[in-house]
Amino acid sequence: MLRQRNHKHYTRHKEAARALVHARLTHYNTHYQLPLKKVFIKNTKSRWGSCSSRGNLNFSYKLLFLPPAVADYVIVHELCHLVEFNHGHAFWARVAEACPNYKELRQSLRTIERASFARKSVFGMVGFGTVLK
Ligand SMILES: [Zn+2]
C-alpha cells in the first residue's frame, strides 16, 4: 500500500524532476563543459544522486522537493564526479567553483534527511551520510 502510493507519487512527479535536472545540468555545464552522457531520474530509496562508472548520472526524483539551492548542490556534486571520481581535494575544489557554500548546503541536506526520516515524510531517505555518492 505504502509502496503503491510511493510509486504513484514518483510517476506523477518524475517528468518535472527530469525537466529540473536537465535545466540545472545544462546551466552548470556551461561552466564545467563536461561530456554529459545519459541522465536517469529514479525512485531511489537511499541516494539523491550517483555517477556510474560509464559516466551516466542518476538522480532521485525527490530533488524536486528540496530547496532549489540544495538540489543544485546535488546536481553539481554528481556533475563533478564525471571528472573527479572520489571525494578528494580536487573534487571539492571543482564543486566550490559553482557552489562556494557547498559545506553549508551539504549540512542543509543532512538536516533535511534527518527531519524527513523522523517524520517519515516524502523523502523517506535512509542511511545518513551515505545518501550522496
Ligand atoms: Zn560524491
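From a predicted model like this one, the values you see are computed outputs, not experimental measurements. (Residues numbered from 1 in each chain as written. Predicted model: local features only at pLDDT ≥ 70, side-chain atom pairs only at ≥ 80, totals over all residues.)

(A) Representation of the nonpolar core within the structure. Residues Val21, Leu63, Val70, Tyr73, Val74 and Val76 are the most contacted members of the largest nonpolar core, which totals 22 residues. Every element with two or more residues in this core is listed here: helix H1 (2-32), strand E3 (57-60), helix H2 (68-80) and helix H4 (102-119). No other element matches the eight residues that H2 contributes to this core. With near-sequence residues (within four places) excluded, Val76 lies in contact with Tyr28, Val95, Ala98 and Cys99. (Core = buried A, V, L, I, M, F, W, Y, C linked by C-beta atoms within 7 Å. Buried ≥ 20, exposed ≤ 12 C-beta atoms within 10 Å, placed from the backbone. Helix = DSSP H or I, 4+ residues; strand = E, 2+ residues; numbered from the N terminus. Contact = placed C-beta atoms within 7 Å.)

(B) Broad picture of the sheet that holds strand E2 (residues 49-51). Taken together, three strands build an open sheet; the order of strands is E1-E3-E2 and the sheet is mixed. This sheet does not close on itself; its edge strands, each paired only once, are strand E1 (39-42) and E2. Going from strand to strand, the sheet's axes swing by 15° on average, the running direction of each strand aside. Here H2 sits on the sheet and contacts E2 and E3; the angle it forms with E2, its principal contact strand, is near 10°. (Pairing = 2+ DSSP bridges. Axes fitted to C-alpha atoms, helices over the stretch in contact; angles between N-to-C directions.)

(C) View of the confidence of the model for the chain. Scored by pLDDT, the chain comes out at a mean of 88, with 85% of its residues at no less than 70. Per-element averaging of pLDDT across the chain places H4 at the bottom with 87 and helix H3 (residues 89-98) at the top with 98. Low pLDDT, under 50, characterises residues 125-131; the predicted model gives this stretch 16 contacts beyond four residues in sequence or across chains. (pLDDT = per-residue confidence, 0-100.)

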